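A look at the structure
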Amino acid sequence: MKKPELLVTPQSLEHIKALLDAGADAFVIGEQQFGLRLAGEFSVDEVEEATKLIHAAGKKVYVAVNGLFHNEKLEALADYLKEMQRIGVDRLIYGDPAVLIIRREQGVTIPLHWNPETTATNWFTANYWGKRGATRAVLARELSLDEVLEIKESAELEIEVQVHGMTCMFQSKRPLLGHYFLYQDKVMEIENRKDNRNMFLHDDERNNKYPIYEDVNGTHIFSPNDMCVIDELGELFEGGIDALKIEGVLQTPEYVVTVTEAYRKAIDAYFDLSEEAYDDIKDELLAKIEDIQPAIRPLDTGFIFKETVY
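Residues numbered from 1 in each chain as written. Predicted model: local features only at pLDDT ≥ 70, side-chain atom pairs only at ≥ 80, totals over all residues. Heavy atoms only, no water.

Some points on the pairing of strand β2 (residues 26–29)
Quick reminder of the rule: Three exposure classes are used, based on accessible area relative to the maximum for each residue type with a 1.4 Å probe and protein chains only: buried under 20%, partly exposed in between, and exposed over 50%. Labels follow the DSSP assignment, with helices taken as runs of H or I lasting at least four residues and strands as runs of E lasting at least two, numbered in each case from the N terminus. Strands are labelled as partners when DSSP assigns at least two bridges between them. When the strands point away from the viewer, a crossover counts as right-handed if the path from the first strand over the helix to the second runs clockwise.
Burial along β2 is two-sided: Ala26 and Val28 facing one way and Phe27 and Ile29 facing the other are all buried. Pairing geometry for strand β1 (residues 5–8) and β2, over 2 bridges, is parallel. From the neighbouring strand, Val8 faces β2, where its bridge partner is Phe27. As a crossover connection, the stretch from β1 through helix α1 (residues 13–22) into β2 is right-handed. Read as a crossover between parallel neighbours, the route from β2 over helix α2 (residues 44–56) to strand β3 (residues 60–65) is right-handed.

Quick notes on empty space enclosed by the protein
The criterion, for reference: The method works on a 1 Å grid over the protein atoms by themselves. A cavity is a set of points holding a 1.4 Å probe that cannot get out, a pocket is an open set with protein on both sides within 12 Å along at least five of seven lines, and residues with an atom within 4 Å of a point line them. Grid points are joined across faces, edges and corners, and a volume is the space filled by probe spheres set on the points. Think of it as three bins: nonpolar holds Ala, Val, Leu, Ile, Met, Phe, Trp, Tyr, Cys and Pro, charged holds Asp, Glu, Lys and Arg, and polar takes everything else, Gly as well.
Scanning the model with the defined rule gives 2 cavities of 30 Å³ or more in all. When its volume is computed, the largest cavity comes out at roughly 70 Å³. The wall of the largest cavity is formed by Leu139, Ala140, Arg141, Leu143, Val148, Val161, Gln162, Met227 and Ile304. A volume near 30 Å³ is recorded for the second largest cavity. Lining the second largest cavity are Leu7, Val28, Ile93, Asn115, Val138, Glu160 and Lys245. Looking at the lining of the second largest cavity, its residues break down into 4 nonpolar, 1 polar and 2 charged.

As for the packing of aromatic side chains
For clarity, the threshold we go by: Ring pairs are drawn from Phe, Tyr and Trp, using the six-membered ring of Trp, whenever the two centres fall within 6.5 Å, and their geometry is named by plane angle: stacked under 30 degrees, edge-to-face over 60, tilted for the rest. A ring is scored as having a charge over it whenever the NZ atom of a lysine or the CZ atom of an arginine sits within 6 Å of its centre and within 35 degrees of its normal.
Inspection of the entire model under this criterion finds 11 aromatic pairs. Aromatic pair Phe237 and Tyr278: ring centres 5.9 Å apart, planes at 70 degrees, arrangement edge-to-face. Residue Phe237 is located in helix α9 (residues 234–238), and its partner Tyr278 is located in helix α11 (residues 275–292); the two are separated by 41 residues in the primary sequence. Summarising the burial analysis for this pair, Phe237 and Tyr278 share the class buried. Ring pairing ties together the aromatic residues Tyr94, Trp114, Tyr128 and Trp129, which thus form one cluster. Lying over the aromatic face of Tyr128, Arg132 brings its terminal NZ or CZ to 3.7 Å of the ring centre.

Things to note about the packing of α1 against α2
The geometry of a pair of packed helices is captured by two quantities: the angle between their axes and the separation between those axes. To keep it simple, the criterion reads: Axis definition: a line fitted to C-alpha atoms, limited for helices to the stretch in contact. Angles are taken between N-to-C directions and run from 0 to 180 degrees. Throughout, the term roughly parallel applies to angles under 35 degrees, roughly antiparallel to angles over 145, roughly perpendicular to angles from 65 to 115, and oblique to all others. Crossing handedness is defined as follows: a turn of the near helix away from the far one that is anticlockwise and smaller than a right angle gives a left-handed crossing, while the clockwise case is right-handed. Residues count as neighbours in contact if any of their non-hydrogen atoms are within 4.5 Å of one another.
Where α1 contacts α2, the axes come no closer than 10 Å and their chain directions differ by 15 degrees. Judged by the angle between their axes, α1 and α2 are roughly parallel. The handedness of the crossing between α1 and α2 comes out as right-handed. Contacts between α1 and α2 involve Leu13, Ile16, Lys17 and Leu20 on the former and, on the latter, Glu46, Glu49, Ala50, Leu53 and Ile54. When the residues that make up the contact of α1 with α2 are grouped by side-chain class, the tally is 6 nonpolar, no polar and 3 charged.

So, the side chain of Glu117
Filter applied, for reference: Throughout this description, a polar contact denotes any pair of N or O atoms lying within 3.5 Å of each other; where both atoms belong to protein, one of them has to be capable of donating a hydrogen while the other can accept it, and for residues adjacent in sequence the pair is counted only when both atoms sit in side chains.
Counting through the fold element by element, Glu117 comes out in the loop between β5 (112–114) and α5 (123–130). Given a relative accessible area of 18%, Glu117 falls into the buried group. A polar contact is formed between the side chain of Glu117 and the side chain of Arg37, at a distance of 3.5 Å. If near-sequence neighbours (up to four positions away) are discounted, Glu117 is found in contact with Arg37, Asn66, Ala140 and Arg141.

What is shown is where atoms sit, not what they do.
Written out as structure tokens, the structure reads:
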């Protein structure tokens, strides 16, 4: 077995430096006009600086171009992909097939990670896109452990799963927050909404609070709980999952660093020592994360142990 890649979502260049020290293997960066739900905004110049920093440490840079692209954005996307080729990033994360066509037309050779969010749910479709240039499939967060392992067994490309953080439950291209505040005769600058970490939808019936923000891609609503499976990684390790992602969107930089350190220790204990060594520390690592977990964001295991009903 090989160690899975520990993938993180940094918020700034300084955050990247801290996450390198924490043991991250790869980084998802980009800018919101091309990528969805990024933890931080990185201009082309910042992507170039980040790439030099990350490559100097022997780690990898993945740039998100997983937005949905209307015709008016295609020219800018083509220019952006050429810049990423010049910079030398390691992978492009995409969902819209337009990226495939523009990549080919522009002679861009950067390998691809297929990430269609909620629709990456079976190995057959993953292999279809693998034959068209994808080297990795980013699985939907709504899959159970059994489904993840079944996909991995038959997949002809790498498999990535999320192991920590919040999950996007809903996205609309419409500026729903803007419409609401206009209806209320209130005004909020759109740029401030993502930075405001205290915006929630309240569900009194379920006693849940759903984080929400709006950016140039529309409105995004997230799960009421944060996923955490640091004490349940054994079967993912045994199943040969290629990459484990820590989702840092709407979290503080310090929180993401601490979580990354914990998962780094878990991975190294299992692969460098033994399964027993991991078992000995996994409860301690979970407790460490629980100690810093915001009270408003309970931890759970996501869909990993939910039973699928057909």
